[in-house]
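The primary structure of each chain is shown beneath.
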Amino acid sequence: MMNESMKILVVDDERVVRDGCHRVLTGKGFDVLMAENGRQAMDILADKLVDVILLDLKMPVMSGEEVLEKACDLYGEIPVIIITGHGTIDTAVGCMKRGAYDFITKPFQIDQFLMTINRAIEKRELEQKARLYEEEKLRNLYDLNLEKSRLKTIINCMANGVMVTNRNMEVVLHNPALMRLLEISEKVENPIAVTRIIDNDRLINTLETIQSEGPSKDAFISQEIKAEKNVLRAISAPALGPEDGIVGTVTVLEDITPFKQLDEMKSDFANMVAHELRSPLMAIRQQDSVLLEGLAGPLQEKQRTFISRGVKKIDQLLELINDLLDIAKIEAGKHVQHQVPTDIEQIIRDTIALLDPRAQEQNIELSVSYQNMARLQADPKGIGEVFTNLITNAINYSPEGGKVVVTAQGLNEYMEIKVKDTGVGILADELPKIFDKFYRVKHPKTRQVLGTGLGLSIVKGIIQAHNGTIDVDSVPDKGTTFRILLPIILDK
Ligand SMILES: Nc1ncnc2c1ncn2[C@@H]1O[C@H](COP(=O)(O)OP(=O)(O)OP(=O)(O)O)[C@@H](O)[C@H]1O
Ligand SMILES: [Mg+2]
């Protein structure tokens, strides 16, 4: 424990003792300061940092006991070792009761003398460390409290609602915005069962699913929920504990009512424009048909060509307008409102009859097979649109000489319909996007195909409205297969 920077103050009026101590201690690497009386000792203490005091009791000017009292008062952390003769051992013991650390008797036994000093130094170091730990702990506690109150302030001031639940589906943290969005006016004390705050089965189910499905760090579920007058977006994620186990859920709620209203206004507007455009276009289309049929007099060849071209353009425009109206209806949840027992085979037959001439133009072989056919509860017009879109795509995105195979088969509770082609295929990273509105894959071989990228989003909307699913499998340059499953609902 010898440490060069350790400073020892020797206070003794006998020069021999001071010199003796000095010799021994400096020999051991200590820094030794000396005082021949109490006053000098106090002056040194006021001026320098000292680690141990060796203090004689019997001294002129100021007695050792007096120095001890002052030192204990002013520098309580410095251990004081009393130097005492045999005759004053009782007094030395009394000094220990008043704060001295230990005593050593004159004449000194060097070993014992050094041991006592080393022990005092160890004690001093331990105390210093303990004090540092204590200060550190206090600082950490202070930081933690500061952090906690900062977090609390942030969460409480957030405009979005925050709700944290524990594993028992109890709310353990919420902020004022949550209460405002859920229109709850009474004060709620945590913990409280989540079902007492949230009156929405879908959100409750989501929270239960998140808890039960094991941790998946980047998984979050976003859903729209209605709360009184407001439409809210709820984004829920698992709350992960230190070992990455799920300890509850965290949900952030945002008021999206204004966006919803804007969205509705936008689709109303699109609907209105589409309707307004459709009527005059239909009128022009009809009049052109009258002209083409020669009902307004015979046409010259050139006139016929121009009018035919016009009709083709009008048909494209009408198709686009119909698609836009379809999308608006799907988004408003009004597309498939009239479901009736439907003969799906007949719909497929009609669609193929309609599209076969187009396939032949491209020298594409269009074939179909049926197995275990059953009737579905469905909207015939919607289902017709689905097949028209899928088969048209299969023809459009296949090179000349390709094959398009449609298969329909009943599988217990589902009807499975596949549309398979030998076309250009779709790259894996494009696959998730093809069902998005207006998304079209850029492919050098299909650049000439006209389209708006609405077909598949309409298909998906219609299938979902029938509680069905659609997925796609594709190998670039080999072909693509779309697979639809529609639930068979027996005729009532
Ligand atoms: N069978 C297919 N083979 C290869 N690519 C396809 C196939 N079906 C769809 N795609 C790709 O997906 C994109 C989106 O298809 P979607 O039917 O939605 O739009 P579109 O055919 O471009 O236009 P439209 O709205 O007129 O149908 C297409 O542009 C095409 O790139
Ligand atoms: Mg299409």
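Residues numbered from 1 in each chain as written. Chains lettered and ligands numbered in written order. Predicted model: local features only at pLDDT ≥ 70, side-chain atom pairs only at ≥ 80, totals over all residues.

A word on the overall build of the protein chain
The number of helices and strands found in the protein chain is 12 helices and 18 strands. In terms of C-alpha radius of gyration, the protein chain reaches 46 Å, well past the compact-globule figure of 23 Å for 492 residues. C-alpha atoms of the protein chain, sized along the principal axes, occupy 145 × 55 × 50 Å. Here the protein chain, with 492 residues, has 26% of them falling under the buried criterion. (Helix = DSSP H or I, 4+ residues; strand = E, 2+ residues; numbered from the N terminus. Rg over C-alpha atoms; globule rule 2.2 N^0.38 Å. Buried ≥ 20, exposed ≤ 12 C-beta atoms within 10 Å, placed from the backbone.)

Things to note about helix α9 (residues 301-331)
Across its 31 residues, α9 extends 45 Å between first and last C-alpha, which sits within 8% of the 45 Å expected from 1.5 Å per residue. Within α9 the residues assigned to the buried category are D323, L324, D326, I327 and K329. Looking at the buried side of α9, the elements it contacts are α8 (257-292) and α12 (455-465). One or two steps after α9, the chain reaches G333, where phi turns positive at roughly 70 degrees. (Expected span 1.5 Å × (residues − 1). Contact = placed C-beta atoms within 7 Å.)

A word on the site of ligand 1
Looking at ligand 1, there are 21 residues lining it, with R440, V441, G451, G455 and L456 nearest. Listing elements by their share of the shell around ligand 1, those giving two or more residues are α11 (380-396) and α12. The residue makeup of the shell around ligand 1, split by class, is 9 nonpolar, 9 polar and 3 charged. (Near = placed C-beta within 6 Å. Nonpolar A, V, L, I, M, F, W, Y, C, P; charged D, E, K, R; others polar.)

Quick word on the packing of α8 against α9
At a closest axis distance of 9 Å, the pairing of α8 and α9 adopts a crossing angle of 155 degrees. Taken together, α8 and α9 sit at an angle that is classed as roughly antiparallel. α8 and α9 meet at a crossing whose hand is left-handed. Its residues assigned to classes, the contact of α8 with α9 comprises 16 nonpolar, 4 polar and 5 charged. (Axes fitted to C-alpha atoms, helices over the stretch in contact; angles between N-to-C directions. Parallel < 35°, antiparallel > 145°, perpendicular 65-115°, else oblique. Left-handed = near helix turned anticlockwise from the far one by under 90°.)

Remarks on the environment of R180
Tracing the backbone through its elements, the reader meets R180 in helix α6 (residues 176-181). By the C-beta count within 10 Å, which is 14 here, R180 ends up partly exposed. In this structure, the C-alpha to C-alpha distance between R180 and I198, residues 18 residues apart in sequence, is 13 Å.

Notes on the sheet that holds strand β2 (residues 31-35)
In any sheet, the strands associate via hydrogen bonds between backbone groups, in a parallel or an antiparallel arrangement. Pairing within the open sheet is parallel, and its 5 strands lie in the order β2-β1-β3-β4-β5. The sheet is open, and its two edges are formed by β2 and β5 (102-105), each paired on a single side. For this sheet the average axis-to-axis angle between neighbouring strands, irrespective of direction, equals 20 degrees. Pairing between strand β1 (residues 7-11) and β2: 5 bridges, direction parallel. Among the inter-strand pairings, I8 is bridged to a residue of β2, identified as V32. Packed onto the sheet, helix α1 (residues 15-27) meets β1, β2, β3 (52-56) and β4 (80-84) and runs at close to 170 degrees relative to β2. (Pairing = 2+ DSSP bridges.)

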